[in-house]
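# Fold and contact review
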Amino acid sequence: MTRALRPAVPTGAADPVPQTGAPGPAPAPEWVPTRALGRAVLLTGLLLILGVLLGRIDLVVLAVPFGLGTAYALRQRPSVAPGVQVDADDTHLVEGGPVAGTVGVDNPGVVDFDLVIVRTLVSPWLRIDRAGQATGPAPAPNGGQATGAGSTAGADEGLPAGGLDRPFVLTTPAGSGSDLLLRGEALRWGRHPIGPAGVRAVACDGLVACRPVVSGARTVRVYPRTEPFEADEAMPRAAGLVGGHRSRRPGEGGELAGVRVFGPGDRLRRIDWRVSLRARQLHVAATLSDRDAEVVLLLDVLAEAGRSGGIAGTASVLDTTVRAAAAIGEHYLHRGDRVSMLEYGPSARRLRPATGRRQYLTLLEWLLDVRVEQSEYQPYDQVFGPHLLSSNALLVVLTPLVDPRSAEMLARLARSGRFVVAVDTLPAGVGPPLRSPWTQVAYGLWRLERENTIGQLRQHGVPVVAWAGAGSLDLVLRDVARMAAAPRVGMR
Amino acid sequence: MISAINDRIRTVSVAVARITLIPLLVRVGVFATALTSFVLAYPTRILFDRPGLLLLIAAILSAVAPRRRWPTVAVLVAVAGWLLSTSWYGEPVALWRLLGLATLLYLTHTLAALAALLPHDAVVSPDVPTRWLLRALGVSLAGAVLSVLLMSFTASDADRAGLVSALVGLGVAVLVATLLGWLFRRR
């Protein structure tokens, strides 16, 4: 699959870029003469005509190299355009990890390409710092050897340092291929394209050149790096039948609830013989059942703030949101809980609750498509239908609290009796650009208003905590668990 | 107007800052071969006079703008100088000078073709200019051998030179016509 791109090299005329496979009644020829061919023909003819007219053999001698060189170069003319494909290492790639890609150029014809000019586009979030022609054996053009990043791994020792902001000029003999290896680092999570790549080949000593051939792009998935996160506090309310959390209900589990008199149905291995001998009556050790819980991670995608600098730079709101969501999700899924995700935005994407490693991988994949989507209407009802949100679930809301609708949403959730924890994802030190002397004053007022909103949310029972990695939620989770354990008015 | 000039200056400065070694060397080669061909073609008195400056400018332009008509102009100027030198100024046709001029003119042409194809900021594999130069030198060598044979064949008789010129010119004219026909079909 190909799509149009600017030519790999500047062309003299306004030649349209051909699209491979595009329907058309009369496809343009793939190989066109260059200005050098016209010059060679002109000079040869002119010198010979002058030589004949003036009767001078020296002018014929001057014409000999031009005629000989042109005839020798055009003894075999290429008829097939080069093939180009972009490949990338598709293994599990995390922010800050090495990224590898290959732009493969094939010469399926019988004429050598004197030079092949390769240009490729790469996402700015993939920093390609080493690029160059593969030093190993080139792959066969038609299925002989797979062209890909995997096949050329280890052949990048001689790659020159340099980014992809320059075109590369390679040689490609007939019936073989050349690979342009790309090595670098993934700077940020997301789906980042390598390509499209444009190729223009030149043959016959520069007398003919093919029209630019453009390949499709290859997307590389870069998963967010999960910041370390541990929450030791219990869940406010366990909901499932099995899991890693102690519940308040008696049952088979590991947490000791007390010792009681043996009753029908008690298992013999639960008998506490020491107490039974002392009391002269059979007693069993009662335990609390282990339950799992549902954790809903709610991602506020209404607003973005701050400038993302990748894994080594500053984090924007979206960066913090995605990385924190990945860390929290990994933690609770590792403990055996069910985790679901929701986007608070116009698209209201949702990931169904599930547990296990498979859910963790699905969660990471889901996070790659998180985008900021601004909307004018209130997406509350669309996101929080009664069928979507369990009343026993722990809601962790990752929000920058920039949009007033976010605070309203938190207040409504708390009022509906759900267990809500808000994680403040607004980066420290972020501020608007200075446009007037009043910018700082206005920004200060906005910060005060935001602090006021956070205070009001706390009064409504919504703890707001800034994301700080491990242990970020311990304090607030303890408060939420205590609130959940307290008797409620109107509850049975 | 001023902003357009500033943009142009900025574009040129960026292009100069980004130029890489091999495209630069190829353009230096175009300049050197064009200038040397002028030295071989023109009489000394012209070279060191005011027209010498124009020749220098022609050599520079062919190296700076190889995608335009300047390389063709440079070759034609050299041929004109050769005709001027051997006809007007009556300088003898020395074989070494003629072969040198033919070789340099062809090198100017083929290096200009390479320079026109290479983006100025490209990272170029060293194989590309090496193979290109080897092919050009091979063609020049074969052309020199052919030229020596041609010159030795016509050296004894001046009439034979005219006859050979006519025959060779006729043959190559047919070849050029065939080539032009192929070009038009390709277009």
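Residues numbered from 1 in each chain as written. Chains lettered and ligands numbered in written order. Predicted model: local features only at pLDDT ≥ 70, side-chain atom pairs only at ≥ 80, totals over all residues. Heavy atoms only, no water.

## A short note on the overall build of chain B
A tally of helices and strands in chain B yields eight helices and one strand. The secondary structure elements of chain B, listed N-terminal to C-terminal, are α-α-α-α-α-α-β-α-α. Within chain B, the fraction of its 187 residues that count as buried is 44%. Expressed as a percentage of contacts within chain B between residues at least 6 apart in sequence, the contacts between residues at least 24 apart total 72%. Surface accessibility of chain B: about 10,100 Å² in total, with carbon and sulfur atoms responsible for 72%. (Helix = DSSP H or I, 4+ residues; strand = E, 2+ residues; numbered from the N terminus. Buried < 20%, exposed > 50% of the residue type's maximum accessible area, 1.4 Å probe, protein only. Contact = heavy atoms within 4.5 Å. Areas by Shrake-Rupley, 256 points an atom, 1.4 Å probe, with all protein chains shown as cover.)

## Things to note about empty space enclosed by the protein
For the structure shown, the criterion picks out three cavities of 30 Å³ or more. Here the largest cavity is characterised by a volume of approximately 50 Å³. Residue lining of the largest cavity: Ala40, Phe66, Gly69, Thr70, Asp205 and Leu207 of chain A together with Tyr106, His109 and Thr110 of chain B, and that is the complete set. At the level of elements, helix H2 (57–73) of chain A together with helix H6 (95–117) of chain B are the ones that each hand at least two residues to the lining of the largest cavity. (1 Å grid on protein atoms, 1.4 Å probe; cavity = no way out; pocket = protein on both sides within 12 Å on 5 of 7 lines; lining within 4 Å. Points joined across faces, edges and corners; volume = space filled by probe spheres on them.)

## Thoughts on the UniProt feature "transmembrane region" (unreviewed entry) in chain A
Here, UniProt's "transmembrane region" (unreviewed entry) annotation points to residues 40–68 of chain A. Segment residues 40–68 of chain A splits into 93% helix and 0% strand. End C-alpha atoms: 10 Å apart. (UniProt positions renumbered as here; feature names shortened; annotations may be inferred.)

## A closer look at the pattern of salt bridges
Residue and element names in this part refer to chain A. Per the stated rule, a full pass over the model turns up 18 salt bridges over all chains. Close ionic contact of arginine 127 with glutamate 185 constitutes a salt bridge, the shortest N to O distance being 2.3 Å. With arginine 127 in strand S6 (residues 126–133) and glutamate 185 in strand S8 (residues 177–186), this residue pair connects regions lying 58 residues apart in the sequence. If you follow the salt bridges from partner to partner, you end up with Arg191, Arg221, Glu365 and Asp369 in one network. (Salt bridge = Lys/Arg side-chain N within 4 Å of Asp/Glu carboxyl O.)

## A word on unusual backbone geometry
Residue and element names in this part refer to chain A. Of note in this structure, cysteine 204 is not a glycine but carries a positive phi near 55°. Residue position: cysteine 204 is located in the loop between strand S9 (190–203) and strand S10 (208–210). Residue leucine 401 is not a glycine yet carries a positive backbone phi of 55°. Mapped onto the secondary structure, leucine 401 falls in the loop between strand S18 (394–399) and helix H7 (404–415).

## As for the sheet that holds strand S19 (residues 419–424) of chain A
Residue and element names in this part refer to chain A. Here six strands make up an open sheet; going across it, the order is S17-S16-S15-S18-S19-S20 and the pairing mixed. Unpaired on one side and paired on the other, strand S17 (350–354) and strand S20 (464–466) mark the two borders of the sheet. With strand direction ignored, the average angle separating the axes of adjacent strands in the sheet is 20°. Here six bridges tie S18 to S19, and the two strands are oriented parallel to one another. When the sheet's bridge partners are listed, valine 397 is paired in S19 with alanine 422. Helix H5 (residues 357–367) rests against strand S15 (294–300), strand S16 (338–344) and S17 of the sheet, and its axis sits at about 170° to S17. Across the sheet, H7 touches S15, S16, S18 and S19, and the angle it forms with S18 is around 170°. (Pairing = 2+ DSSP bridges. Axes fitted to C-alpha atoms, helices over the stretch in contact; angles between N-to-C directions.)

## Section: the packing of helix H1 (residues 35–54) of chain A against helix H5 (residues 70–88) of chain B
It is the contact of H1 of chain A with H5 of chain B, at a shortest axis distance of 11 Å, that shows an interaxial angle of 15°. Considering the angle they form, H1 of chain A stands roughly parallel to H5 of chain B. Two packed elements cross with a definite hand, and for H1 of chain A against H5 of chain B that hand is right-handed. Judged by residue contacts, Arg39, Leu42, Leu43, Leu46, Leu47 and Leu54 of chain A of H1 of chain A engage Pro71, Thr72, Val75, Leu76, Val79 and Leu83 of chain B from H5 of chain B. Taken together, the residues that form the contact of H1 of chain A with H5 of chain B break down as 10 nonpolar, one polar and one charged. (Parallel < 35°, antiparallel > 145°, perpendicular 65-115°, else oblique. Left-handed = near helix turned anticlockwise from the far one by under 90°. Nonpolar A, V, L, I, M, F, W, Y, C, P; charged D, E, K, R; others polar.)

## Considerations on the interface of chain B and chain A
Across the boundary between the two partners, chain B contributes 61 residues, which contact 54 residues of chain A. Between chain B and chain A lies a buried interface of about 5,000 Å² when both sides are counted; carbon and sulfur atoms form 73% of it. Along the contact surface separating chain B from chain A lie two salt bridges. Mapped by element, the contributors of at least two residues to the side of chain B that touches chain A are H5, H6, strand S1 (123–124), helix H7 (127–154) and helix H8 (158–186) of chain B. Of the residues that constitute the side of chain B that touches chain A, the class distribution is 40 nonpolar, 11 polar and 10 charged. Across two bridges, strand S7 (residues 168–172) of chain A lies against S1 of chain B in parallel orientation. When the bridges of S1 of chain B are listed, valine 169 of chain A appears paired with valine 124 of chain B. (Buried area = accessible area lost by both parts, 1.4 Å probe.)

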